[in-house]
Amino acid sequence: MGAAAITAAVLLIAAAGPREAIAGSVKGKVEATKEFKEYLDKNLNEFLKEKEDYYWLIENGVLPIQPPSLDWTSEILVTVMNPASAPSTGGIETDDIKGAVMKPGVIVISPKTTVKFKNEDPFIHSLYSPELGHSFDPEILTSRQLRQVQFLNPGVYTIRCKMTPHLEGIVIVDPAVMTYKTLAADLTFLIENLPPGKYQLKVYYKSHEIGSQDVEIVDEKPVEVLIKLSPPGKAEAAGKAKEGTEAKPEEKKEGTEDAAEEEAGKDAKGKKKGKK
């Protein structure tokens, strides 16, 4: 190969640039179990009983008093958890208010993330968070106006409105979260651009965990999952039981060693008494 050909080959390689890193994806669907549907029905009935006297705080002349939205899928979120890969600093997220409903109804973010709450309604809102106190006091938010709030510490924060008391949004701050996705109308979700590694998918309904699934990305081929949704208490108990099972061998080992040492002490004491 001549010098000109070698030079041309080098130029072609340089032009091509470095090879892009492998990025995989998770293609999934959630399935509501019978128990979860019963839980939703019970919650909805309790909500309607409490809120049957009003939808708006007062008749506002813009929209009539009407029942709340029954779309529970807007309050479900699928998150990707991996403490090692999660961002160390927060970014910026946007949460819109349309029809006096927070969309999405729940978001999961890393600490120090700033959330922009945008009023897409033709009337005013007055958002606040009981958990944040004076750092998120009620403040008038006119139509098309933004309000920015930074969430510094891990925890669960409820977003309410003085003007439309039924409005509720949930912000979960978790240092292990990488990203999240809302559900499509057919209960499916697609999470892309995940580097190779092991992850845990967690599904939230409002502030409650209702399902989880471990996944591993090895190449560009999409990983397909089906996550069955359980009532909050059952799903959270299952997660704690799993954590407890993983810790059991170590606890058992420590207990066995302590018992063995105690038994050895008793035997030695008995032999000493026998010699006397």
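Residues numbered from 1 in each chain as written. Predicted model: local features only at pLDDT ≥ 70, side-chain atom pairs only at ≥ 80, totals over all residues. Heavy atoms only, no water.

**Some remarks on the nonpolar core**
With 28 residues, the main nonpolar core has F117, L127, F136, F151, I159 and V171 as its most contacted residues. Residue assignment for this core shows that the elements contributing at least two residues are β2 (76–81), β5 (106–109), β6 (113–119), β9 (146–151), β10 (155–161), β11 (168–173) and β12 (177–182). Residues contacting L127, with those up to four places away along its chain left out, are I97, F117, F136, D137, P138, E139, L141, R147, I159, R160, C161 and L167. By size, the runner-up hydrophobic cluster in this structure holds 24 residues, among which are I76, L194, I227 and L229. (Core = buried A, V, L, I, M, F, W, Y, C linked by side-chain atoms within 4.5 Å. Buried < 20%, exposed > 50% of the residue type's maximum accessible area, 1.4 Å probe, protein only. Helix = DSSP H or I, 4+ residues; strand = E, 2+ residues; numbered from the N terminus. Contact = heavy atoms within 4.5 Å.)

**Here's the deal with the pattern of salt bridges**
Any two side chains of opposite charge can pair if their charged atoms end up close together. Going through the model one piece at a time under the given rule, you end up with 6 salt bridges. With its nearest N and O atoms 4.0 Å apart, the salt bridge here joins K206 to E75. Linking K206 in the loop between β14 (197–205) and β15 (208–217) with E75 in the loop between α2 (34–51) and β2, this pair joins segments that are 131 residues apart in sequence. One salt-bridge network, held together by shared partners, links E75, R160, E168 and K206. (Salt bridge = Lys/Arg side-chain N within 4 Å of Asp/Glu carboxyl O.)

**Remarks on the pairing of strand β3 (residues 92–98)**
In regular strands, side chains alternate between the two faces of the sheet. Relative to β6, β3 runs parallel, the two sharing 6 bridges. Bridging across to β6, I97 finds its partner in N119. Inspection of the sheet shows β3 paired to strand β4 (residues 101–103) by 3 bridges, in the antiparallel sense. Among the inter-strand pairings, K98 is bridged to a residue of β4, identified as V101. (Pairing = 2+ DSSP bridges.)

**Quick look at the sheet that holds β2**
Sheet architecture is open: 4 strands sit in the order β12-β2-β14-β15, paired in antiparallel fashion. Strands with a single pairing partner mark the edges of an open sheet, and in this sheet they are β12 and β15. Taking the axes of each pair of neighbouring strands and ignoring which way they run, one obtains an average angle of 25 degrees across the sheet. Note: β14 against β15, 9 bridges, orientation antiparallel. For Y205, the partnering residue across the bridge sits in β15 and is H208. (Axes fitted to C-alpha atoms, helices over the stretch in contact; angles between N-to-C directions.)

**Description of the environment of L229**
Residue position: L229 is located in strand β16 (residues 223–229). With relative accessibility at 0%, the residue L229 sits in the buried group. Each C-alpha atom, one on L229 and one on Y205, is 9.5 Å from the other, the two residues being 24 residues apart in sequence.

**Describing the confidence of the model for the protein**
Within the protein, residue pLDDT values average 79, and 67% of them lie at 70 or more. Here residues 249–257 is a poorly scored stretch, pLDDT under 50, and it has 0 contacts once near neighbours within four places are set aside; other chains count. In the predicted structure, residues 271–276 sits below a pLDDT of 50 and forms 0 contacts with residues beyond four places in sequence or in another chain. (pLDDT = per-residue confidence, 0-100.)

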